[in-house]
Amino acid sequence: MYTILKSLIFILLLALAPLTFSASIKVAFINPAPQGEVFWDIVVSYMQASADDLNIDLKVYYTLPKQRDKNFNNVKKVLESNDKPNFIIGVFQKKTTLKLLNLSTKHKIGFYSINTQVPDELVESSGSPRGKFKYWLGQSIPNDKQAGYLMATSLIDQVKKSNSSKQPIQVLAVSGTRDSSASFERNKGLYQALSDHPDVFLNQVVFTDWSSLSAYKKTKGLLKRYPKTQIIWAASDSIAIGVSKAIADKPILTAGIDWSQPGIEAVKQQKLTSTYGGHFLEGGFALVLLYDYSRKKDFKQDLGLTNRTPFSKISLRNINEFKGIYSKEFAEKINFRRFSKIYNPNVKSYNFSWPEIFRNLEQ
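Let me sum up the structure you'll find in this document. (Residues numbered from 1 in each chain as written. Predicted model: local features only at pLDDT ≥ 70, side-chain atom pairs only at ≥ 80, totals over all residues. Heavy atoms only, no water.)

Now for the overall build of the chain. When helices and strands are tallied, the chain shows 13 helices and 12 strands. Whereas a compact globule of 363 residues would reach a radius of gyration of roughly 21 Å, the chain reaches 23 Å, a difference of no more than 12%. If you line up the chain on its principal axes, its C-alpha atoms span 95 × 45 × 35 Å. Residues counted as buried form 51% of the 363 residues belonging to the chain. Of all intrachain contacts in the chain linking residues separated by at least 6 positions in sequence, the fraction that spans at least 24 positions is 72%. As presented, the chain carries roughly 18,100 Å² of accessible surface, and 53% of it is formed by carbon and sulfur atoms. (Helix = DSSP H or I, 4+ residues; strand = E, 2+ residues; numbered from the N terminus. Rg over C-alpha atoms; globule rule 2.2 N^0.38 Å. Buried < 20%, exposed > 50% of the residue type's maximum accessible area, 1.4 Å probe, protein only. Contact = heavy atoms within 4.5 Å. Areas by Shrake-Rupley, 256 points an atom, 1.4 Å probe, with all protein chains shown as cover.)

It is worth spelling out the pattern of salt bridges at this point. Counted by the stated rule, this structure contains 12 salt bridges. The partner of Asp302 in a salt bridge is Lys341, with the nearest N and O atoms 3.1 Å apart. Of the two residues, Asp302 is situated in the loop between helix H11 (282-294) and strand S11 (306-309) and Lys341 in the loop between helix H12 (328-333) and helix H13 (354-359); the sequence distance between them amounts to 39 residues. Looking at Asp302, the relative accessible area reads 27%, which means it is partly exposed. (Salt bridge = Lys/Arg side-chain N within 4 Å of Asp/Glu carboxyl O.)

Turning to the sheet that holds strand S10 (residues 275-277), a few remarks are in order. Taken in spatial order, the 6 strands line up as S7-S6-S8-S9-S10-S12 in an open sheet, and their pairing is mixed. The sheet is open, and its two edges are formed by strand S7 (200-207) and strand S12 (312-314), each paired on a single side. Each adjacent strand pair in this sheet contributes to an overall mean axis angle of 20 degrees, direction not counted. Packing against the sheet, helix H7 (residues 181-196) makes contact with strand S6 (169-175), S7, strand S8 (231-234) and strand S9 (253-257), and its axis sits at approximately 170 degrees to S7. (Pairing = 2+ DSSP bridges. Axes fitted to C-alpha atoms, helices over the stretch in contact; angles between N-to-C directions.)

Time to look at the packing of helix H6 (residues 144-162) against H7. Where H6 meets H7, the axes come as close as 7 Å, and the angle between the chain directions of the two elements is 40 degrees. It follows from the interaxial angle that H6 and H7 lie oblique. Of the two elements, H6 crosses H7, and the hand of that crossing is right-handed. Across from Asp144, Lys145, Gly148, Tyr149, Ala152 and Thr153 in H6, the residues of H7 making contact are Ala182, Glu185, Arg186, Lys188, Gly189, Leu190, Gln192, Ala193 and Asp196. For the contact of H6 with H7, the residue count by class is 5 nonpolar, 4 polar and 6 charged. (Parallel < 35°, antiparallel > 145°, perpendicular 65-115°, else oblique. Left-handed = near helix turned anticlockwise from the far one by under 90°. Nonpolar A, V, L, I, M, F, W, Y, C, P; charged D, E, K, R; others polar.)

Taken N-terminus to C-terminus, the directions of helix H3 (residues 72-79) and helix H4 (residues 97-107) make an angle of 5 degrees; their axes are 11 Å apart at the nearest point. The orientation of H3 with respect to H4, classified from their angle, is roughly parallel. Contacts between H3 and H4 involve Phe72, Val75, Lys76 and Leu79 from the former and Lys99, Leu100, Leu103, Ser104 and His107 from the latter. A class-by-class count of the residues in the contact of H3 with H4 yields 5 nonpolar, 2 polar and 2 charged.

If you walk through the whole model with that rule in mind, you get 24 aromatic pairs. Note on Phe322 and Trp354: the rings are 6.3 Å apart at their centroids and 70 degrees apart in plane angle, and the pair reads as edge-to-face. Within this pair, whereas Phe322 is found in the loop between S12 and H12, its partner Trp354 is found in helix H13, the two being separated by 32 residues in sequence. Residue Phe322 is classed as buried on the basis of its relative accessible area, which comes to 9%. Put simply, the rings of Tyr46, Trp259, Phe280, Phe322, Tyr326, Phe330, Trp354 and Phe358 pair up and form one aromatic cluster. The side chain of Lys341 reaches across the aromatic face of Tyr350, ending 4.5 Å from its centre. (Phe/Tyr/Trp six-rings, centres within 6.5 Å; stacked < 30°, edge-to-face > 60°. Lys NZ or Arg CZ within 6 Å of the ring centre and 35° of its normal.)

Next up on the list: the side chain of Thr153. Turning to its location among the elements, Thr153 is positioned in helix H6. According to the relative accessible area criterion, Thr153 is buried, its value standing at 16%.

All right, on to the environment of Asn143 then. Here Asn143 lies in the loop between strand S5 (136-142) and H6. For Asn143, a relative accessible area of 25% corresponds to the partly exposed category. When sequence neighbours within four positions are dropped, the list of residues in contact with Asn143 reads Thr309 and Phe311.

Let us look at empty space enclosed by the protein. As enumerated under the stated definition, the model contains 1 cavity of 30 Å³ or more in all. Its volume calculated, the largest cavity comes out at about 40 Å³. In this structure, the largest cavity is lined by Ala152, Leu155, Ile156, Val171, Leu190, Leu194, Ile231 and Trp233. If you list the elements that add at least two residues to the lining of the largest cavity, you get H6, H7 and S8. With 3 residues, the single largest contributor to the lining of the largest cavity is H6. Residues of the lining of the largest cavity, tallied by class, amount to 8 nonpolar, no polar and no charged. (1 Å grid on protein atoms, 1.4 Å probe; cavity = no way out; pocket = protein on both sides within 12 Å on 5 of 7 lines; lining within 4 Å. Points joined across faces, edges and corners; volume = space filled by probe spheres on them.)

Right, let's get into the sheet that holds strand S4 (residues 110-114). Adjacent strands of a sheet pair through backbone hydrogen bonds, lying either parallel or antiparallel. Across the sheet, which stays open at both edges, the 6 strands sit in the order S2-S1-S3-S4-S5-S11 with parallel pairing between neighbours. What marks the edges here is a single partner per strand, and that holds for strand S2 (57-61) and S11. Sheet twist, expressed as the mean angle between neighbouring strand axes with direction ignored, is 15 degrees. When strand S1 (residues 26-30) meets S2, the two strands line up parallel, connected through 5 bridges. Directly across from Ala28, in S2, lies its bridge partner Lys59. Contacts between H3 and the sheet are confined to S1, S2 and strand S3 (87-90), with S1 contributing the most and set at about 160 degrees to the helix.

This is the structure:
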């Protein structure tokens, strides 16, 4: 009798196993940058930490150096392969936005966009998530305009406090690529700040490929043209680091956006006044949303289809609070399962804020 009962229990456990230990979902991340690009390497590292916690099979497809415009080739490669993922995570670019959405729809593969939004001129054609393109499941958009505004305002306030001259404050702006909504949204924040300060004069805006080298070269040329510059507004940490090298010992303030490790180190060394970020976790939390979605917990009911990611400031005043955020040990302390409604039924509302992350770190 005991043997029969034992066999029945074993059979029952086998039957229940797929419900308890369901197969992992497959997610492809179409990285718009090559390996070695500081910000996107951080995005990938936290996505991998999230994937490990959630038992997700994550594959990252990198874009070759200086071939950002060919990023869409990886989308085609993934969707036209025999081993298709359940979902794709990627970014929008002007020339390929509609192609990406159409291809995702054609292959019936869910797409979640992070970091960028649909370019303004394509909004009418693309619509919103789950509208014209029902396989565009949702989007996490950094509040880039807010970041550009906060940084510009902070830099202007600092110069005004230390400058008793009544002469207009002269500003230069070094932005990212022309095909990135992040560039233009951050620029909008700059323009808004300038409208709040009519005594501040913007001499010129230049675009770069987001690299330090490009920013360095362009800044060197700009400073010859505008030697009385007091502020150089930079659209990212990488750009700001290039700008700071070009500034050298000149009394010019600059700051960055992205919370990259080199950016934070530059703040520590007082080469940058601050860096704004925290949005590199969008990919990791997108995996949480897609994991729950795949198990019939639709984030639409709680978070909505558009999640705007706020930026936080790191300066010398609070830099110690964020010590080690790019270390392997810190990443391992974040248990992404705690943010999932499937793994943690006690979660009533998604909260991906940094205060919440710090509250949920495992010791």
